[in-house]
Amino acid sequence: MAKTKLFAFAVLFFAFAYCGLAVAQDEMSPQQPTAVATPAQLPPGIFRPQGTVIVPDTSVVRPEDAGLRAHTNHLVFVPQGHPMSSPSPLYTFAETPASLACVYKLGVSYPGCNPLTGGTRHAAGGWGAIALVDAFDYPTAASDLTYFSSYFGLPLPGAKFTKVYANSSFGTLNGLTASCSGVPPANVGWALEAALDIQWAHALAPSAKIILVEACSNSYNDLLYAEQVAGMKVAAAGGGQISNSWGSNEWATEAADADNFFYRYYYDKIVYLASSGDYGWGAQYPSSSPWVVSVGGTTINRDSAGNFLSESCWSGSGGGISAYEKWQNPPSIINGLGPWSNYQYHLFGGAPYAYPGRYTPDISFNADPASGAYVYDTYGYSGWVVVGGTSLSSPAVAGIINSANNRLGQTHPGGGYYHTGQLDLLYSQLFSNTAYKANFYDVTTGANGVGHNAGVGYDQCTGIGSPRGKLGK
């Protein structure tokens, strides 16, 4: 019942936030999507392109899937009077590797961080590997990533890009067996998700290896199996990040069922990230796992000339308090929060047993589809697509953390304990007089639900804020 109410609230809020009406109620595909209009009212001086937000079938939340199947967290923006995708870029507003590298102070700064004038001023750096865990096969992944890189003047991925099928050839992994033995079936919606993931991880950490790990399906059995395959591959590369731009509603036994797959296997120097969701206030899994860096969404605000002004909370950004990831008293590392993952304890205060639960997100990045980024996809699309959602946020922040080169992760100092090194670093700066202001942008405007406004410091839309530069990441 609680899951049904949460889903109903999310759908109502999403419709309200975009002031639109759902269409295409028949069997949906990326060509027959749900559509919602963009907001009409904006603060003075801020320009927003007119158009429609498309919710692909793979991004539709189904409450009965909680703990069983996951949905993607990407949305497509279609400018008014234009097709959903095109062989060449048609839009002046869509974000590029240079424009977002400028906004987040990762590359060469230039006036206005304008998508039209960025050229090849993109981010640099990277080490080890970034694995992107997705479901189903994306047949044109390598060629699309190469074209995306060539078009924007990024280093060509070449042998640094690898696609891995998380199939039964890996055997049984900690009680899980993959549901396929060969190449997973292809899927248009998940392919666009994968295109977004690999292209934007590469854009923000162009020297890192990029590994697309394809699960046999979007079942949790297959995705958590793929999570372990990703761990093997990233560990073999010397460490790095694993990004997950998918999720579902929470379920009562998630801590016991799934949390250990994000810290317990192949943990050394690996940081796990997950997108916080696209339906406004409310926690989703695996973003709510205490072992995962939860990444929320912002809106990039620009003037009519395309110059960057500010960031605000994106109304669709997921975030909230987990219903099931509670502080364990007495402590139990197998089932949720405890002294080994107490990065939020000092922020919210109170005795450990009074802590209401894991807060999400931890950090944020551009996700509003109306300030979406270019993605190149020739499987089911004709090339360039403008894509947003917190599916953009997670791989982008994975790239930023990777290029920061701190090489943190779930460390194991002995005694049966693990520590959340990356999250400890992020939260340690929140109350600093100098580091926080220098390393993060405190997003204080906007809301992702009634009574859930962005504010000074931590909030349940943008976490501690959005990154500025590589220090402290």
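Refer to the preceding data block for the structure.
In this report, the structure presented in the accompanying data block is examined. (Residues numbered from 1 in each chain as written. Predicted model: local features only at pLDDT ≥ 70, side-chain atom pairs only at ≥ 80, totals over all residues. Heavy atoms only, no water.)

**Structural notes on the sheet that holds strand β3 (residues 71-72)**
Whenever strands of a sheet pair, they do so through backbone hydrogen bonds, lying parallel or antiparallel. Strands sit in the order β3-β9-β11 across an open sheet of three strands; the sheet is antiparallel. Two strands close off the open sheet at either side, each with one partner strand: β3 and β11 (284-285). The pairing of β3 with strand β9 (residues 246-249) spans two bridges and is classified as antiparallel. In the strand pairing of β9, Thr72 is matched with Trp246. (Pairing = 2+ DSSP bridges. Helix = DSSP H or I, 4+ residues; strand = E, 2+ residues; numbered from the N terminus.)

**Quick look at the pattern of salt bridges**
Under the defined criterion, the tally for this structure stands at six salt bridges. The shortest N-O distance in the salt bridge between Asp137 and Lys163 comes to 3.0 Å. With a gap of 26 residues between them, Asp137 in the loop between β5 (129-135) and α3 (141-152) and Lys163 in strand β6 (residues 161-166) connect regions that are remote in the sequence. Using a relative accessible area of 8% as the deciding quantity, one classes Asp137 as buried. On the basis of relative accessibility, which here comes to 25%, the residue Lys163 falls in the partly exposed class. (Salt bridge = Lys/Arg side-chain N within 4 Å of Asp/Glu carboxyl O. Buried < 20%, exposed > 50% of the residue type's maximum accessible area, 1.4 Å probe, protein only.)

**With respect to the nonpolar core**
Ile198, Trp200 and Phe365 are the most contacted members of the largest nonpolar core, which totals 84 residues. It is helix α4 (residues 188-204) that contributes the most residues to this core, 10 residues altogether. Listed in part, the 42 residues of the second largest apolar core include Ala70, Leu223, Val229 and Ala274. (Core = buried A, V, L, I, M, F, W, Y, C linked by side-chain atoms within 4.5 Å.)

**Overview of the state of the cysteines**
Counted according to the given criterion, the structure contains three disulfides. Between the sulfur of Cys102 and that of Cys113 lies a disulfide, 2.1 Å long from S to S. Between Cys102 and Cys113 the disulfide shows an S-S torsion of about -60°. By sign, it is left-handed. Note that Cys102 is positioned in helix α2 (residues 97-103) and Cys113 in the loop between α2 and β5, a separation of 11 residues in sequence. Residue Cys102 is classed as buried on the basis of its relative accessible area of 4%. Residue classification places Cys113 among the buried positions, given a relative accessible area of 9%. Two residues share a disulfide in this structure: Cys313 and Cys461, whose sulfurs sit 2.0 Å from each other. The S-S bond linking Cys313 to Cys461 shows a torsion near 90°; that makes this disulfide right-handed. Placement of Cys313 in strand β13 (residues 308-313) and of Cys461 in the loop between β21 (440-441) and β22 (466-467) is noted, with a sequence separation of 148 residues between them. (Disulfide = S-S within 2.5 Å.)

**Observations regarding the packing of aromatic side chains**
Counting across every chain of the model gives 29 aromatic pairs. Taken together, a centroid distance of 6.2 Å and an interplanar angle of 40° make the contact between Phe148 and Trp384 tilted. Of the two residues, Phe148 is situated in helix α3 and Trp384 in strand β18 (residues 383-388); the sequence distance between them amounts to 236 residues. An angle of 50° between the planes, with centres 6.4 Å apart, marks the rings of Tyr220 and Tyr285 as tilted. (Phe/Tyr/Trp six-rings, centres within 6.5 Å; stacked < 30°, edge-to-face > 60°.)

**Quick word on unusual backbone geometry**
Here Tyr285 and Pro286 are connected by a cis peptide whose omega angle stands at 10°. The residue Pro286 is located in the loop between β11 and β12 (293-302) in this model. Omega for the peptide link from Thr360 to Pro361 comes to -5°, which places this bond in the cis form. With respect to the secondary-structure elements, Pro361 resides in the loop between β15 (359-360) and β16 (363-366). Not every positive phi belongs to a glycine, and Cys113 is a case in point at roughly 45°. Of note in this structure, Arg407 is not a glycine but carries a positive phi near 55°. If you trace the backbone, Arg407 turns up in the loop between α8 (390-404) and β19 (410-414). On the basis of relative accessible area, Arg407 is assigned to the partly exposed category, the value being 41%.

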